[in-house]
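Summary of the model geometry
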Amino acid sequence: MQKDVLVIGGGIAGLQAALELAGAGYPVHLVTDEANLGGKLIDSSEQSGQAACVWGDQVNISALYLGGNLHASSTVLGSLITRACNNPLVHVYSSSKLVELQGDVGHFQAIISDVATGKRTQKLVVGAVILAAGFSMYDVSQKGEYGYGYYKNVITSLEFEHLLSESRYRSDCIRRPSDGKCAEKIAFIQCVGSRDVVSKGEYCSAICCMFTAKEAILAKEFAPKTDVTVYYLDLRACGKNFDTFLARAQELGTNYVRTMISEVKEDPVTEKLSINYAAASKPVKEEFDLVVLAAGIRPSTRLKETAAILQIPLNQFGFVQVDPLEPVTTKRPGIFSVGGSQGPLDVPETMSLASAAAAATTRALGKPEGRPGRKPTPERDISQEPIRVGVFLCKSGLAAMGADVNSVTTSAQGQAGVTIVECEQAACQPDAIAKIQKLIATQGLNRIVVSPCVLKHNLNLFQETAQAAGLNRMLVEMADVPAKVWDNNTEKATKAAIAVTTRAVSDVKAFKPLRWHAEPVIPRALVVGGGVSGIATALALADRGYGCTIVEKSSVLGGYVRDLTGSLETQDLKQTVENLEKQVQKNDKIEVLLDSEAAEFSGRQGHFITTVATGQGQVKTTKKIEHGVVVLATGTTTYVPSEYLYGQDQRVITGVEAMYRLTDGRMPAKGEATYVFVQCVGSRNEEHKYCSRTCCGETIYAATKIKEENPEAKVYVLSRDIRTPGYLELKYRDARKAGVVFVHYEETAKPELVKDNAGNLSMAVVDPQSGLTLTLKPDQVILAVAQTASLEAKQMADLFKIQVNADGFLSETHSNFGTIAFPGGGIFIAGAAHGPKSVVDCLTQAKGVAGRAARILAQPALMMGGMVAEVEWDKCAACLTCVRTCPYTIPQITRDKKEMGAAYIPPADCRGCGMCASECPNKAIFVHHYQDDEVLARVETALTEVG
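Residues numbered from 1 in each chain as written. Predicted model: local features only at pLDDT ≥ 70, side-chain atom pairs only at ≥ 80, totals over all residues. Heavy atoms only, no water.

Some words on the overall build of the chain
Quick reminder of the rule: A helix here means a DSSP run of H or I that spans at least four residues, while a strand means a run of E at least two residues long, and both kinds are numbered starting from the N terminus. Each radius of gyration is computed over the set of C-alpha atoms, and the globule rule expresses the reference value as 2.2 Å times the number of residues to the power 0.38. Here's how the labels work: a residue is buried when its accessible area is under 20% of the maximum for its type, exposed when over 50%, partly exposed in between, all with a 1.4 Å probe on protein chains only. Residues count as neighbours in contact if any of their non-hydrogen atoms are within 4.5 Å of one another. Per-residue and other accessible areas were derived by the Shrake-Rupley procedure at a 1.4 Å probe size, with only the shown protein chains allowed to occlude residues.
Each helix and strand in the chain was counted, giving 22 helices and 46 strands. Over its C-alpha atoms the chain spans a radius of gyration of 29 Å, differing by no more than 12% from the 30 Å that the globule rule assigns to 947 residues. Along the three orthogonal principal directions, the C-alpha set of the chain runs to about 95 × 85 × 60 Å. By the burial criterion, 57% of the 947 residues in the chain qualify as buried. Long-range pairs, those at least 24 residues apart, make up 70% of the contacts in the chain with a sequence separation of at least 6. Only carbon and sulfur atoms are counted for the fraction: they give 50% of the accessible area of the chain, which is about 39,200 Å².

Looking at the environment of Lys 689
Mapped onto the elements, Lys 689 comes out in the loop between β33 (674–681) and α16 (695–709). Spatially, the C-alpha atom of Lys 689 lies 28 Å from that of Thr 775, the residues being 86 residues apart in sequence. With residues up to four places along the chain from it excluded, the contact list for Lys 689 reads Asp 243, Arg 684 and Asp 807.

With respect to the sheet that holds strand β29 (residues 621–627)
Filter applied, for reference: What makes two strands pair is DSSP finding at least two bridges between them. Only C-alpha atoms enter the line fits that serve as axes; for helices the fit covers just the stretch in contact. Angles between N-to-C directions range over 0 to 180 degrees.
The sheet built from three strands is open, its strands ordered β27-β28-β29 with antiparallel pairing. Strands with a single pairing partner mark the edges of an open sheet, and in this sheet they are β27 (596–604) and β29. With strand direction ignored, the average angle separating the axes of adjacent strands in the sheet is 20°. Where β27 meets strand β28 (residues 607–614), eight bridges bridge the pair, whose relative direction is antiparallel. Bridge pairing in β28 places Ser 602 opposite Ile 609.

A closer look at unusual backbone geometry
Cis geometry marks the peptide bond from Ser 451 to Pro 452, where omega comes out at -20°. Residue Pro 668 is bonded to the preceding Met 667 through a cis peptide linkage, with omega at 0°. With respect to the element layout, Pro 668 can be found in the loop between α15 (655–664) and β33. With phi around 50°, Ser 95 is a residue other than glycine that occupies positive phi space. Take Ser 95: it is sitting in the loop between β3 (90–93) and β4 (96–104). Look at Ser 95 and you get partly exposed, because its relative accessible area is 27%. With a phi angle near 55°, Ala 878 is a residue other than glycine that sits in the positive phi range. With respect to the helices and strands, the residue Ala 878 is situated in the loop between β43 (869–871) and α20 (881–885).

Quick word on the pattern of salt bridges
Note the threshold: For this document, the term salt bridge refers to a Lys or Arg side-chain nitrogen within 4 Å of an Asp or Glu carboxyl oxygen.
A complete count under the given rule lists 43 salt bridges for this structure. In this structure, Glu 597 and Lys 620 form a salt bridge, with 3.4 Å as the shortest nitrogen-oxygen distance. Taken as a pair, Glu 597 in strand β27 and Lys 620 in the loop between β28 and β29 lie far apart in primary sequence, 23 residues in all. Take Glu 597: its relative accessible area is 34%, and that puts it in the partly exposed class.

Description of the packing of aromatic side chains
The relative placement of two aromatic rings is captured by the distance of their centres and the angle of their planes. Short version of the rule: Here a Phe, Tyr or Trp ring, Trp counted by its six-membered ring, pairs with any other such ring whose centre lies within 6.5 Å, and the pair is stacked when the planes are under 30 degrees apart, edge-to-face when over 60, and tilted otherwise.
Scanning all chains against the criterion turns up twelve aromatic pairs. Ring geometry for Tyr 203 against Phe 319: centres 5.9 Å apart, planes inclined by 80°, an arrangement best described as edge-to-face. Residue Tyr 203 is found in the loop between β10 (185–192) and α4 (208–222), and its partner Phe 319 is found in the loop between α6 (303–310) and β18 (335–337); the two are separated by 116 residues along the sequence. Given the relative accessible area of 0%, Tyr 203 is considered buried.

Quick notes on the state of the cysteines
Threshold: Criterion for a disulfide: a pair of cysteine sulfur atoms within 2.5 Å.
Applying the stated criterion across every chain, the model contains one disulfide. Each sulfur in the disulfide pair Cys 173 and Cys 182 lies 2.0 Å from the other. Taking the torsion about the sulfur-sulfur bond, which here is approximately -80°, the covalent link between Cys 173 and Cys 182 counts as left-handed. Take Cys 548: it sits in no disulfide, and the sulfur closest to it among the cysteines is that of Cys 842, at 17 Å. Between Cys 913, a cysteine without a disulfide, and Cys 886, which holds the nearest cysteine sulfur, the sulfur-to-sulfur distance is 5.7 Å.

Considering the sheet that holds strand β21 (residues 447–453)
In spatial order, the strands read β20-β19-β21-β22; together these four strands make up an open sheet with parallel pairing. Both edges of this open sheet fall to β20 (418–424) and β22 (476–480), since each of them pairs with a single strand only. With direction set aside, neighbouring strand axes in the sheet form an average angle of 15°. Strand contacts of helix α10 (residues 430–443): β19 (389–394), β20 and β21, with the helix running at about 165° to β20, the strand carrying the most contacts. Set on the sheet, helix α11 (residues 458–468) makes contact with β21 and β22; between it and β22 the angle comes to about 155°.

Thoughts on the confidence of the model for the chain
Stated precisely, the cut-off is as follows: Predictor confidence is given residue by residue as pLDDT, running from a minimum of 0 to a maximum of 100.
On average, residues of the chain carry a pLDDT of 86, and 91% of them reach 70 or more. Below a pLDDT of 50 lies the segment residues 43–50, which in the model reaches twelve contacts outside its immediate sequence neighbourhood of four places, other chains included. Within the model, pLDDT remains below 50 along residues 57–72, and this stretch shows 65 contacts once partners closer than five positions in the same chain are excluded.

What to know about the packing of α4 against helix α5 (residues 242–251)
Convention followed: In this scheme, a crossing is called left-handed if the near helix is turned counterclockwise away from the far one by less than a right angle; it is called right-handed if the turn is clockwise. Just so you know the grouping, Ala, Val, Leu, Ile, Met, Phe, Trp, Tyr, Cys and Pro go in nonpolar, Asp, Glu, Lys and Arg go in charged, and all remaining residues, Gly too, go in polar.
Running from N to C, α4 and α5 cross one another at 35°; their axes reach a closest spacing of 9 Å. Our pair here, α4 against α5, has a crossing hand that is left-handed. Only Phe 242, Phe 245, Leu 246, Arg 248 and Ala 249 of α5 make contact with α4, whose side of the interface consists of Met 210, Ala 213, Lys 214, Ile 217 and Glu 221. Of the residues that constitute the contact of α4 with α5, the class distribution is seven nonpolar, no polar and three charged.

Overview of the side chain of Thr 654
Looking at where Thr 654 falls in the secondary structure, it is placed in strand β32 (residues 652–654). Thr 654 has contacts with Pro 641, Tyr 646, Ile 782, Leu 783 and Val 785, leaving out every residue within four places of it along the chain.

With respect to the side chain of Glu 20
Let me state the cut-off plainly: Residues adjacent in sequence count toward polar contacts only when both atoms are side-chain atoms; beyond that, a polar contact is any pair of N or O atoms within 3.5 Å, and within protein one must be able to donate a hydrogen and the other to accept it.
Mapping Glu 20 onto the fold places it in helix α1 (residues 12–23). Side chain to side chain, Glu 20 and Ser 355 meet in a polar contact 3.0 Å long.

Side note on a nonpolar patch on the surface
Operational definition: Put simply, a patch holds well-exposed residues, over 30% relative accessible area, that have no salt bridge, with like charges counted together within 9 Å and Val, Leu, Ile, Met, Phe, Trp or Tyr side chains within 5 Å.
Taken together, the side chains of Met 867, Tyr 930, Val 935 and Val 939 present a nonpolar region at the surface, about 310 Å² in accessible area. Assignment of secondary structure puts Val 939 in helix α22 (residues 932–942). A residue is classified by how much of its surface remains accessible, and Val 939, at 40% relative accessible area, is partly exposed.

And the structure:
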């Protein structure tokens, strides 16, 4: 069976899948029809084929929501590009496309051709294919009522990205295209080509609300006096931290208006744009300098052609047709689909799908052949060598600062210890990397400096480069681009660039080589939580041949969804859960511990030891489990409301209770009964500021079921927003067609439920569009309550030495790009422990987690040591300060080295945080790479002002 994998598409989905596979040892052929990797990230229209730095003008942080920290998002995406370009197992074919595919899983024959000439350039034999073709944007010129193409000051979101980027580099305000005047008032119009039958885009494009919020924030941060208004239908901030992000936009002064805009008109003299709409039944007219259209998502231009070659079906909208419960699997075995090729997805979902697709591919192909990415090079002994520093300047980084290249080069050449200075267009590109390796060998360089670079993650790339050339990886320093603007002053920027480069050279001369050693890996996983996420993770790991222990606190598996028959995404929910349970029972590699909980935890990535307590009440037995990875799948709990007479009147129930009643036939009643659903009860408020994500879907599912089973019933849904991203929008449409009435309410005017003396219920809600008060007489009130962090989340965080966020959910590496892992290594998160999720999202994330965890379990040993703490026993007084200080409880007192006892820090367990070294009263502990002389050298240069 062939182990190579073909990945079609160079956006974030393709990059993530390729890197996951390469990290597991599979050769990857990455084909993109664009000149550069990055998909919508890179604007290669002007610099086609040239090396692109993510800090340069040619790069867009595209019309995607890229995480709460906007200014870090470019570095995260940029690291995906540079890692893929420089991974020896990833072969990139730019400006290329697939033109033919024959064969079956394990042995496909693919033909690749050049996009421009059509000439066939490559024949590949691969075992599997991942389609990550991305998406294109709706052609807003088809919406003539908005004037795009006629009015110069009506632009798309992507065009606004260009305009904003250009303004930030070259202007003091956002200038409108028609005459270059400052745009003092900007309007954003949402859902252009989305949720629209006429444009054949009835679905929600999922990302528009958040990229508009991002653009509004950037605009307000750059030009605070700019008046920004967003016209929207529903705000769909469904992901983790998304509502916080929206709140940030509003805090900066962005005005959100719920209305549908029918047309935009231009004043031919002033070129101002007028928008008319109704507010509280009164006409309102606003004038703007610039109107930005949030264009919807459409299939990529070549998706239809590529799908035909792959022989996989498309859905009614032209995206790849997939099963919601197996979202990466296509109809043809061995071919998988991720990202925008499936339809509208936000970034976290895309990243999870990419990891899941990589895991599914490895399952289909079996173990890799073990071909090394690079041949190991023996490390050179530099202990007797004089210091020879090689300085590699990055023209893209210097251009980002606005510095003069020649002046910085001359300054670097004059520094003591510098042997050679080279200047590259982009120091992180493969040609530059190869040059660094060659010069280390031919010039005898024993210290490396790269300056300046915005991608902090690239330090790891340059360290690997040095290691591949036989130089200890810790003898490398990278100068960051300072987060400062020099107002286009070349002289100041040049001085700053010289300063950061000088610092880096001074620091690196004090660096010493570090050593690592191999520690064995226990090929077993511990999964905490036996809901659908935990079960799916355990099964995926067991399928890869790894043992797994599920620790579940209750007496049954399945979690809170085990008794639900269906959901908005799948009608077979109960059957799905039952099938998962049966598979667990049959799998001899899975051990299930019910009525159990993790009580003690220690160890390091690759070899953890967890004590599990089993039993009820006071009588419990304990068992120690050794394992290489941990997966936390502790789920969520349901908020118990005090609002709307809940607990005081049996006619008021929660959405979950309504789902159970629909299952066992207690609902709906016959006749003209009135049902009123109230959304966001306990969510999106001061106590729980986030969206609980699943509530709208559950409400629409229940409301539609009621109408199906009793057409005479009157069903009302009172909501702040209906959040049905992607294809769930079609279910929302079907509910309206079935007769469910949706009424919006404002946060400041929540519905009021009262009970009169006769016991009758009355619900009053103010319609913000008309200003009228609607009074309903409900027979049943259903509250869509918040999903909150489980009671075990904080306990698990303390036990496993990780963090929770402000909402109590486990806090992962990055809410968009690192959703399934924690910084410490070897500990992963699956499902709703990360934040509220649907069952489909949980299953997808579980498979991605299993794939990532299996990469650790597959290794016989992990390299440990390096930047860790060490105790000088002759100085240690065994005072226990380090034992009390360490957040990971790693130091231990031993008499092996000293009769009176001394602290010992196992190098394999140490996380290198340095707290013990900073607190030790006798200075008996030091951290490698941060010894006194190294730290003092950094302190001395750090006190030098930059800019």
